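For reference, the chains in residue letters:
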Amino acid sequence: VLVTAEDINFDGRNDLLIHEGYSGGSGGSWNNYRAVIWNDEKGLFEFYPSFPEQLVSLEFDRQRVVTRYRLGFAYECVEEYGVVDGEYVCTRKLALEAKPGETDWIFVLSYYEMEKLVETVDVTDMGVEEIGALYPDLNYWSKG
């Protein structure tokens with residue numbers, strides 16, 4: 001178990017992020033996290049439920065929690081997490097998928113909010129800068 005000080009709920013105070021270890025399998029290696037935060041209203045520490053398993057480490061970036069990962073060349077993803085009803089949930093997600101076409105691969109970028117598909121864009125003929133401009137606030141391509 002590894003514990004680090006992070007401002008998990010972005011209130012200006014360090015909380016405890018608990019990395020409980022790895023699990024692995026044919027789908028890749030996963031990280032498991034839990035968190036303990038200070039609740040000002042109650043005047044005590046509270047235990048946050050586990051984050052969903054992560055393929056890579058969590059990043060605390062611009063008042064949000066972000067994870068990015070890749071599965072081979074056919075799938076890349078960025079997920080943003082926030083607290084909803086006292087639990088961290090995936091609030092936004094971008095997924096770039098390579099799908100076989102008639103003669104070559106087709107690349108599709110899908111955007112989700114609260115696990116619901118909002119938009120899908122065929123980005124096969126776009127460059128990296130054009131794709132990054134579709135959702136610049138998720139800063140997907142610069143850290144991917």
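> How do you make sense of the overall build of the protein when you look at a structure like this?
Counting its regular elements, the protein contains 2 helices and 10 strands. The linear arrangement of helices and strands in the protein, starting from the amino end, is β-β-β-β-β-β-β-β-β-β-α-α. For the protein, the residues scored as buried account for 38% of the 144 residues in total. A sequence separation of at least 24 residues applies to 28% of the contacts in the protein between residues at least 6 apart. Entry remark: accessible area of the protein is about 8500 Å², with carbon and sulfur atoms responsible for 51%.

> Got a minute to help me understand the sheet that holds strand E7 (residues 75–84) in this structure?
Strand pairing within a sheet occurs via backbone hydrogen bonds; the two strands may be parallel or antiparallel. Reading across the sheet, the 6 strands line up as E5-E6-E7-E8-E9-E10 and stay open at both edges, with antiparallel pairing between neighbours. Strands at the two margins of the open sheet, each flanked by one partner only, are strand E5 (59–60) and strand E10 (116–122). As defined by bridge partners, strand E8 (residues 87–100) adjoins strand E9 (residues 105–113) across 9 bridges and the pair is classed as antiparallel. When the sheet's bridge partners are listed, leucine 96 is paired in E9 with leucine 109.

> Would you mind going over unusual backbone geometry with me for this structure?
Where the residue is not glycine, phi is negative for most of them; where a peptide bond is considered, it is trans in most cases. Positive phi, normally seen in glycine, also occurs at methionine 114, with a value near 50 degrees. Looking at the secondary structure, you find methionine 114 in the loop between E9 and E10. For glutamate 115, which is not glycine, the phi torsion reads 70 degrees and is therefore positive. As for its placement among the helices and strands, glutamate 115 is situated in the loop between E9 and E10.

> I keep staring at the pairing of strand E6 (residues 65–71) and nothing clicks. Help me out?
Where a strand is regular, its side chains alternate between the two sheet faces. By the criterion of burial, E6 is predominantly enclosed, with 5 of the 7 residues buried. Two strands pair when backbone bridges link them, and E5 and E6 are joined in this way by 2 bridges, in the antiparallel orientation. Following the sheet pairing, glutamate 59 is matched in E6 by valine 66. Here E6 runs beside E7; their pairing, made up of 7 bridges, is antiparallel. Considered in E7, the bridge of arginine 70 is made with glutamate 76. The antiparallel pairing of E6 with E7 creates a hairpin that spans 3 residues between the two strands, and glycine 72 there sits at a positive phi of about 65 degrees.

> It is not clear to me how the pairing of E7 should be interpreted in this structure. Could you clarify?
Where burial is concerned, most of E7 is hidden: 8 out of the 10 residues are buried. Sheet topology places E7 next to E8; 10 bridges connect them, and they run antiparallel. Note on E8: the bridge partner recorded for valine 83 is tyrosine 88. Taking the residues that link successive antiparallel strands as the turn, the E7-E8 hairpin has 2 residues, and the phi of aspartate 85 there is positive, at about 55 degrees.

> Before we go on, may I ask you to explain the packing of aromatic side chains in this structure?
Aromatic ring pairs are described here by two measures, namely the spacing of the ring centres and the angle between the planes. Scanning the model with the defined rule gives 1 aromatic pair in all. Centroid distance tyrosine 111 to tyrosine 135: 4.5 Å. Interplanar angle 20 degrees. Geometry classified as stacked. Residue tyrosine 111 is found in strand E9, and its partner tyrosine 135 is found in the loop between helix H1 (128–134) and helix H2 (140–143); the two are separated by 24 residues along the sequence. Considered together, tyrosine 111 and tyrosine 135 belong to a single accessibility category, that of buried residues. The ring centre of tyrosine 112 lies 5.3 Å from the NZ or CZ of lysine 93, which sits over that ring.

Cut-off values and rules
- Chains are numbered independently. Their residues run from 1 in the order of the written sequence.
- Local features in this predicted model are restricted to residues of pLDDT 70 or higher, and side-chain atom pairs are both shown and tallied only at a pLDDT of 80 or more, whereas totals for entire chains, interfaces and linings draw on every residue.
- Working from all heavy atoms in the structure, the side-chain values ignore hydrogens and water.
- What counts as a helix is a DSSP run of H or I of at least four residues, what counts as a strand is a run of E of at least two, and both are numbered from the N terminus.
- Each residue's exposure class comes from its accessible area (1.4 Å probe, protein chains only) as a fraction of the maximum for that residue type: buried when under 20%, exposed when over 50%, partly exposed otherwise.
- The contact criterion used throughout is that any non-hydrogen atoms of two residues lie within 4.5 Å.
- Residue-level accessible areas treat just the shown protein chains as cover; the underlying method is Shrake-Rupley with a 1.4 Å probe.
- Paired strands, as defined in this entry, are two strands with at least two bridges between them according to DSSP.
- Aromatic contacts are taken between Phe, Tyr and Trp rings whose centres are within 6.5 Å, Trp giving its six-membered ring; a plane angle under 30 degrees counts as stacked, one over 60 as edge-to-face, and the others as tilted.
- Two conditions define a charge sitting above a ring: the NZ of Lys or the CZ of Arg must be within 6 Å of the ring centre, and it must be within 35 degrees of the ring normal.

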